[in-house]
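Residues per chain are reported as follows:
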Amino acid sequence: MIDQINYPLILTAALLATGSPGPSTLAIAGTAMAQGRIPALALVAGITTGSWLWSIAAALGLSALMLANAWVFEILRYLGAGYLLFLALKSARRALVPGKPTFRSVSAQSLGRAYGKGLAMHLTNPKAILFFGALYSVGVPPTASGAEVASVVLVVGLQSVVIFSFYALLFSNHRVVGIYVSLSRWFEATFALAFGFAGLKLLTARLG
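Considerations on the overall build of the protein
Then comes step 1: For the protein, the helix and strand inventory stands at 10 helices and zero strands.
Then comes step 2: Across the protein, helices and strands are ordered from the amino to the carboxyl terminus as α-α-α-α-α-α-α-α-α-α.
Then comes step 3: Here the contacts in the protein between residues at least 6 apart in sequence split such that 87% fall between residues at least 24 apart.
Then comes step 4: Total accessible area on the protein stands at roughly 11100 Å², and carbon and sulfur atoms take up 71% of it.

Examining the pattern of salt bridges
Then comes step 1: A full pass over the atoms with the stated rule returns one salt bridge.
Then comes step 2: Arg94 is the salt-bridge partner of Glu188, the closest N and O atoms lying 3.3 Å from each other. Of the two residues, Glu188 is situated in helix H10 (residues 184-203) and Arg94 in helix H5 (residues 70-96); the sequence distance between them amounts to 94 residues.
Then comes step 3: Looking at Arg94, the relative accessible area reads 41%, which means it is partly exposed.

What about a nonpolar patch on the surface?
Then comes step 1: On the surface, Ile56, Leu60, Leu62 and Leu65 cluster together to form a nonpolar patch covering roughly 380 Å² of accessible area.
Then comes step 2: Within the fold, Ile56 resides in helix H3 (residues 37-59).

Details of the environment of Ala194
Then comes step 1: Tracing the backbone shows Ala194 in helix H10.
Then comes step 2: By relative accessible area, which is 25% here, Ala194 ends up partly exposed.
Then comes step 3: Once the C-alpha coordinates of Ala194 and Leu85 are considered, the two residues, 109 residues apart in sequence, prove to be 9.7 Å apart.

So, the side chain of Ser91
Then comes step 1: Topologically, Ser91 is positioned in helix H5.
Then comes step 2: Among the residues examined, Ser91 registers a relative accessible area of 3% and is labelled buried.
Then comes step 3: Once you skip the residues sitting within four places of it in the chain, Ser91 turns out to touch Glu188, Phe191, Ala192 and Phe195.

So, the environment of Leu158
Then comes step 1: Within the secondary structure layout, Leu158 lies in helix H8 (residues 146-171).
Then comes step 2: Each C-alpha atom of the pair Leu158 and Thr48 lies 8.9 Å from the other, and the pair is 110 residues apart in sequence.

Overview of the nonpolar core
Then comes step 1: The biggest cluster of nonpolar side chains holds 26 residues, and the ones touching the most others in it are Ile28, Leu43, Leu84, Phe164 and Phe195.
Then comes step 2: Taken together, the elements giving at least two residues each to this core come down to helix H2 (23-35), H3, H5, helix H6 (108-123), H8 and H10.
Then comes step 3: Broken down by element, this core gets its largest block of residues, six residues, from H2.
Then comes step 4: Of all hydrophobic cores here, the second largest spans 20 residues; its members include Ile5, Ala58, Leu76 and Ile129.

Quick notes on the environment of Glu188
Then comes step 1: Owing to a relative accessible area of 3%, Glu188 belongs among the buried residues under this scheme.
Then comes step 2: Considered as a pair, Glu188 and Ala88 are 100 residues apart in the sequence and their alpha carbons are 8.9 Å apart.
Then comes step 3: Look past the residues within four positions of Glu188 in its chain and what remains in contact with it is Ser91, Arg94, Ala95 and Tyr180.

Re the packing of aromatic side chains
Then comes step 1: Within the structure shown, the criterion is met by six aromatic pairs.
Then comes step 2: Residues Phe187 and Phe191 carry aromatic rings whose centres are separated by 6.4 Å and whose planes lie at 35° to one another, so their mutual orientation is tilted. Of this pair, Phe187 and Phe191 both sit in helix H10, four residues apart, which is roughly one turn of the helix.
Then comes step 3: By relative accessible area, Phe187 is classed as partly exposed at 24%.
Then comes step 4: For Phe191, a relative accessible area of 6% gives the class buried.
Then comes step 5: An aromatic cluster is present here, built from Phe166, Tyr167 and Phe171 joined pairwise through their rings.

Rules behind the numbers
- Note that residues are indexed from 1 along each chain, following the sequence as it is written.
- For this predicted model, a pLDDT threshold of at least 70 governs which residues receive local features, and a threshold of 80 or more governs which side-chain atom pairs are given and counted, while totals over whole chains, interfaces and linings are taken from all residues.
- As a convention, hydrogens and water are excluded, and side-chain values are obtained from all of the structure's heavy atoms.
- Numbering goes from the N terminus for both helices and strands, where a helix is a DSSP run of H or I of at least four residues and a strand is a run of E of at least two.
- Any two residues having at least one pair of non-hydrogen atoms within 4.5 Å are treated as being in contact.
- For the area figures, the Shrake-Rupley method with a 1.4 Å probe applies, and any residue is considered shielded solely by the protein chains shown.
- What makes a salt bridge here is a side-chain nitrogen of Lys or Arg within 4 Å of a carboxyl oxygen of Asp or Glu, nothing more.
- Note on exposure labels: buried denotes an accessible area under 20% of the residue type's maximum, exposed denotes more than 50%, and partly exposed covers the range between, all computed with a 1.4 Å probe on protein chains only.
- Only residues whose relative accessible area exceeds 30% and that form no salt bridge enter a patch; like-charged residues are grouped when within 9 Å of one another, and nonpolar side chains (Val, Leu, Ile, Met, Phe, Trp, Tyr) when within 5 Å.
- Take the buried residues of types Ala, Val, Leu, Ile, Met, Phe, Trp, Tyr and Cys, join any two whose side-chain atoms come within 4.5 Å, and each joined set is a nonpolar core.
- Between 30 and 60 degrees the pair is tilted, below 30 it is stacked and above 60 it is edge-to-face, where a pair is any two Phe, Tyr or Trp rings, Trp via its six-membered ring, whose centres lie within 6.5 Å.

Functional significance is not addressed by these values, which are geometric in nature.
Put into structure tokens, the structure is as follows:
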């Protein structure tokens, strides 16, 4: 029965995981302040696409299959750590450049890059599949039908879209952007440290 699924537990856990500060929220904030609302929403689209894919994979039981093949997680771990360190390097370079930030016009190519960045960030995060695997194991009973499991994928995915889109809209507010313009190098230095810390933490994490 549908009421066997623990929706409050699932949505609360997903809310804490999505809403808490992390590489994804930092990337959304940085993109929104530096490039504007539309690129930030394109980044959100990439992040949520990755989230949907991991959620579907976990719902289909692929998380258990991946856990049985530790080398898959090791590859993802190194890819994810490398990408976060790459983002840290880019932010550090911008922090070292004197003067005000320059804002480029929005193009289809830049939106595609923002989408790809968000997708890469989430697909190379092995903790995402672990999170969704645990989420479905605890909140969804083994007797749940395919439609019931699909409903969990839907509500969790929609909640993620709402939360990440809220961050994109919040940090693209003209007042927030004005603060970023005046303190851009400090923001970029903070992003560099945060991405670097997240990358090193993932690099040294034990996922098994």
